[in-house]
Amino acid sequence: MARSRYRIGLAGLVAAMLMGCGTTTVPNASPSEDELPATKVFADDTDPDLALLPVVESELLVQPFPGASEEKINAVYAAAGAAASKTLPEIGVTVLTTAEGATDEVAASLAESGLIEEIHRNYVFTAERVANDSLIADQTHLFFIDLPEAWDISTGDDAIVVGVVDSGIDESHPDLQDKILTGWNVYDESGDFGDEAGHGTQAAGVAAAASNNATGVAGVSWGSPIVAIRAADGTGRSTSRHLAAGILRAEEEGADVINVSFAPLWSNSIVQAAAERAQAQGSLVVISAGNGGRYRDADGFDAALFVGALVDDTRIAPFSDRGPFVDLVAPGTAIETTSLGGGYGPATGTSFAAPIVTGVAALMWSANPELRPTTIAQLLRDTSADLGNSGRDDTFGYGRVDAGAAVSAAAATVESRDDTPPRVRVLGPRSGSRQSRLFAARVSASDESGVADVVLSIDGAAFAVDTRAPYLFAVDPSAFGTGEHEITAVATDTNGNRSDAASVRVTFLTSRGSDPSGTVSFRSPRDGSIVQGDVTISADVASGDGLATIEWIIDGETVLTQAVSGTSSRVSYRWRSAAREDGAHTIVLRVISAEGDAFLGTLEVTSIR
């Protein structure tokens, strides 16, 4: 496919990177800047329009910190009363199934684990359309955007693919049946991408219906094939995770431009992550602005173009949402297009303004397949016809899409070759620091073309990958031996340029191996033993630097801190094992020497009542 050089293919790598260290996390004594940040819980609810949407009452979408142990993560899910049902590894999202109506309780439990970066509701969206009884016989929108001028340059190349993430497509329609390259149903995970709601068939016809065939209507980029991705049920209802999965699948199937005619998506973090992933792989996502007819105080996101609707060539449609997130406008009233059952008819809404822009972007790439997604988006803005107040405004964005000017500009643009690698730096932990519990490895990465991913390695072995800024990794020292370790970060940009490695050297203080600052030797009970009732845990601790304090930690919770002195001491703790659930428990004795160095010992036992 065109521009395959952008497609980096990290899905398998992400899945592999999120597996690994299977040991118990212990509380952090490292500096506060090395601590993992608090879990973001339902951050999207700060957008009042999203907060009012219905949600799937038995699902959560969670994003664990890259590097977090899969074994521990699954234990956290189970303890919270949830189970992983599906993953979107390209964007690090896990779909959790919960009891009906228990999502708030489960989210609160997950947030306490310290292993989850973000928790989201799975919002429900309905395909955007406006009722319209008007019938027209011609496609006036084609002339409003100067499309015949664009067609003089290109009518669409069969190497430039349009992805339609929607309710499916009527593959028997005479203007679509020969246009579908491939398809998939991410809603039901099947090959049946047929359209029951009709919305996807309408959107596909606007963007890329067959043309110059003496039949029906003309699609904007009628030479482009279509990837049909069904992401909705039979009524046209979809969810955050299905729309994100649809974008990712469309990109995977080779779509260059991906149309998503659902709203309100301007603040949806899950869809944003999918759009960013698609952009990094060389695809452009186009999203409808919404049909609420109101001003929305939202910024949208750079990885997608949001499109509002016009009544004709100059007037904003009364139903079109407005706000800082709007990039462009296009005709969206009585757009003649394909309909279910092989017919044709008018469709109204921002849902049908968006595929006009999608089709124009496909024409631009057909005229110049060397352009990057960000260049296509910028040319669309730069060549738009300014409407309303001079310059960009919250009603029309940058203006009405101008197909003729945009395709002409694309054909004349020479994309400069980008051989400049990203800039990368390890912000934390500090080189030379000591870490004894789960900590945050923070990486800064930037690139003019965009960062595709950051890979963190420990001692030369790939550990985890993050595709979203801020680049933040969860590192558990107890998965490694005591001693000095090298943490290295490498960033790759969207053109495949790799940065030089940025590294820090950090000492891990764990129970694995020995540490010159001190020793912990458990006397009783024995490691791996079965205990019952009240248990006396005893150990000998020693440090040539002198002893200062000890900390007893059971299953990650500090239960007692005591002062100690001298260079060696026998210490004990009376543990009421019956107060905890039957099963495996991890007991950690953490010691701070008089010089401030930390070392620890770990004991695994099984309790029964």
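None of the values given here were measured: they were computed from a predicted structure.

## Regarding the side chain of Arg-590
Logical step 1: Note on placement: Arg-590 falls in strand 30 (residues 583–593).
Logical step 2: Looking at Arg-590, its side chain comes within polar contact range of the side chain of Ser-436, at 3.4 Å.

## Digging into the sheet that holds strand 16 (residues 423–428)
Logical step 1: Taken in spatial order, the three strands line up as 16-18-21 in an open sheet, and their pairing is antiparallel. Of all the strands in the sheet, the pair left with one neighbour each is strand 16 and strand 21 (471–475). If you compare each strand with its neighbour and ignore which way they point, the axes differ by 25° on average.

## A few points about the pairing of strand 8 (residues 226–230)
Logical step 1: Taken across its five residues, strand 8 has five buried, putting it largely inside the fold.
Logical step 2: Side-chain alternation along strand 8 places Ile-226, Ala-228 and Arg-230 on one buried face and Val-227 and Ile-229 on a second face that is also buried.
Logical step 3: One ladder, built from five bridges, connects strand 6 (residues 162–166) with strand 8; its direction is parallel. Each bridged residue has a counterpart across the sheet, and for Val-164 the counterpart in strand 8 is Ala-228.
Logical step 4: Examined bridge by bridge, strand 7 (residues 180–185) and strand 8 share five bridges and lie parallel to one another. Paired with Trp-184 across the bridge in strand 8 is Ile-229.
Logical step 5: With helix 7 (residues 199–208) bridging strand 7 and the parallel strand 8, this β-α-β connection has left-handed handedness.

## Some points on the sheet that holds strand 20 (residues 461–466)
Logical step 1: The strand order across the open sheet built from five strands is 17-23-22-19-20, with neighbouring strands paired in mixed fashion. Single-partner strands in this sheet number two, and they are strand 17 (434–435) and strand 20.
Logical step 2: Pairing between strand 22 (residues 483–493) and strand 23 (residues 502–508): seven bridges, direction antiparallel. The residue of strand 23 that forms the bridge with Glu-484 is Thr-507.

## Notes on the environment of Gly-397
Logical step 1: Along the chain, Gly-397 turns up in the loop between helix 11 (373–382) and helix 12 (403–412).
Logical step 2: For the pair formed by Gly-397 and Gly-308, sequence separation is 89 residues and the distance between their alpha carbons is 8.3 Å.
Logical step 3: Setting aside its immediate chain neighbours within four residues, Gly-397 contacts Val-326, Asp-327, Gly-391 and Arg-392.

## Brief notes about the pattern of salt bridges
Pairing between side chains of opposite charge can happen when their charged atoms approach one another.
Logical step 1: Summed over all chains, the structure comprises 25 salt bridges.
Logical step 2: A salt bridge links Arg-468 to Glu-118, with the nearest nitrogen and oxygen atoms 3.7 Å apart. In this pair, Arg-468 sits in the loop between strand 20 and strand 21 while Glu-118 sits in strand 5 (residues 116–126), placing the two residues 350 residues apart along the sequence.
Logical step 3: Of the charged contacts in the structure, one is a salt bridge between Arg-523 and Asp-540, with a shortest N-O distance of 3.6 Å. With Arg-523 in strand 24 (residues 519–524) and Asp-540 in strand 26 (residues 534–542), the pair connects residues that are 17 residues apart, well separated along the chain.
Logical step 4: Linked by salt bridges that have partners in common, Asp-49, Arg-294, Arg-296 and Asp-321 make up one network.

## Description of the environment of Gly-163
Logical step 1: Structurally, Gly-163 is set in strand 6.
Logical step 2: Taking the C-alpha atoms as reference points, Gly-163 and Leu-181, 18 residues apart in sequence, are found 9.8 Å from one another.
Logical step 3: If we ignore the near neighbours within four places in the chain, the residues touching Gly-163 are Val-227, Ala-255, Val-257, Ile-258 and Asn-259.

## Let's talk about helix 8 (residues 240–252)
Logical step 1: Across its 13 residues, helix 8 extends 18 Å between first and last C-alpha, which sits within 8% of the 18 Å expected from 1.5 Å per residue.
Logical step 2: Of all the 13 residues making up helix 8, 11 are buried; the element is thus mostly covered by neighbouring parts of the structure.
Logical step 3: Looking one or two places after helix 8, you find Gly-254, whose phi comes out positive at around 100°.

## Overview of the confidence of the model for the protein chain
Logical step 1: Put simply, the protein chain has an average pLDDT of 88, and 91% of its residues get 70 or more.
Logical step 2: Confidence drops under pLDDT 50 across residues 1–31; counting only partners more than four residues distant or on other chains, this segment forms 106 contacts.
Logical step 3: Per-residue pLDDT stays below 50 along residues 131–137; that stretch engages in seven contacts with residues further than four places along the chain or on separate chains.

## Quick word on the nonpolar core
Logical step 1: Counting residues in hydrophobic clusters, the biggest one holds 54 residues, and the most contacted among them are Val-357, Val-360, Met-364 and Leu-380.
Logical step 2: Ranked by residues supplied to this core, first place goes to helix 10 (residues 350–367) with 11 residues.
Logical step 3: Aside from chain neighbours lying at most four places away, what touches Val-360 is Ile-145, Val-220, Leu-380, Val-401, Ala-403, Ala-406 and Val-407.
Logical step 4: Counting residues in each nonpolar core, the second largest holds 45 residues, with Val-95, Ala-127, Ala-275 and Phe-306 among its members.

## Regarding helix 10
Logical step 1: Relative to the 26 Å expected for 18 residues at 1.5 Å per residue, helix 10 spans 26 Å between its end C-alpha atoms, a close match to the ideal helical length.
Logical step 2: In terms of burial, helix 10 is a largely internal element, 17 of the 18 residues being buried.

## Looking at the packing of helix 10 against helix 12
Logical step 1: At a minimum axis distance of 8 Å, the contact between helix 10 and helix 12 shows a crossing angle of 30°. Taken together, the axis directions place helix 10 and helix 12 in an arrangement best described as roughly parallel. At the point where helix 10 passes helix 12, the crossing takes the right-handed sense. Of the residues in helix 12, those touching helix 10 at Val-360, Leu-363, Met-364 and Ala-367 are Ala-403, Ala-406, Val-407, Ala-410 and Ala-411.
Logical step 2: Partitioned by chemical class, the residues of the contact of helix 10 with helix 12 number nine nonpolar, no polar and no charged.

## Remarks on the packing of helix 3 (residues 70–80) against helix 4 (residues 103–111)
Logical step 1: Orientation of helix 3 relative to helix 4, taken along the N-to-C sense of each, is 140°, at an axis distance of 9 Å. One finds that helix 3 runs oblique with respect to helix 4. Here the hand of the crossing between helix 3 and helix 4 comes out right-handed. Side by side, helix 3 and helix 4 meet where Val-76, Tyr-77 and Ala-80 of the first sit next to Val-106, Ser-109 and Leu-110 of the second.

## A few points about the packing of aromatic side chains
The geometry of an aromatic ring pair is captured by the separation of the ring centres together with the interplanar angle, meaning the angle of the planes.
Logical step 1: For the coordinates displayed, the defined rule picks out eight aromatic pairs.
Logical step 2: Where Trp-151 meets Trp-222, the ring centres are 6.1 Å apart and the plane angle is 80°; that geometry is what we call edge-to-face. Linking Trp-151 in helix 6 (residues 147–151) with Trp-222 in the loop between helix 7 and strand 8, this pair joins segments that are 71 residues apart in sequence.
Logical step 3: Summarising the aromatic geometry, the rings of Phe-480 and Phe-508 are spaced 5.7 Å apart at their centres and angled 55° between planes, so their arrangement reads as tilted.

## Notes on unusual backbone geometry
Logical step 1: Here Ala-263 and Pro-264 are connected by a cis peptide whose omega angle stands at 0°.
Logical step 2: In this structure, Pro-264 sits in the loop between strand 10 (257–260) and helix 9 (269–280).
Logical step 3: Backbone geometry at Phe-42 places phi at a positive 55°, although glycine is not the residue there.
Logical step 4: Relative to the elements of secondary structure, Phe-42 occurs in the loop between strand 1 (40–41) and helix 2 (48–51).
Logical step 5: Positive phi, normally seen in glycine, also occurs at Glu-189, with a value near 55°.

Thresholds, definitions, all that
Residues numbered from 1 in each chain as written. Predicted model: local features only at pLDDT ≥ 70, side-chain atom pairs only at ≥ 80, totals over all residues. Heavy atoms only, no water. Helix = DSSP H or I, 4+ residues; strand = E, 2+ residues; numbered from the N terminus. Polar contact = N/O pair within 3.5 Å; in protein donor to acceptor, adjacent residues only side chain to side chain. Pairing = 2+ DSSP bridges. Axes fitted to C-alpha atoms, helices over the stretch in contact; angles between N-to-C directions. Buried < 20%, exposed > 50% of the residue type's maximum accessible area, 1.4 Å probe, protein only. Right-handed = clockwise from strand over helix to strand, strands pointing away. Contact = heavy atoms within 4.5 Å. Salt bridge = Lys/Arg side-chain N within 4 Å of Asp/Glu carboxyl O. Expected span 1.5 Å × (residues − 1). pLDDT = per-residue confidence, 0-100. Core = buried A, V, L, I, M, F, W, Y, C linked by side-chain atoms within 4.5 Å. Parallel < 35°, antiparallel > 145°, perpendicular 65-115°, else oblique. Left-handed = near helix turned anticlockwise from the far one by under 90°. Nonpolar A, V, L, I, M, F, W, Y, C, P; charged D, E, K, R; others polar. Phe/Tyr/Trp six-rings, centres within 6.5 Å; stacked < 30°, edge-to-face > 60°.

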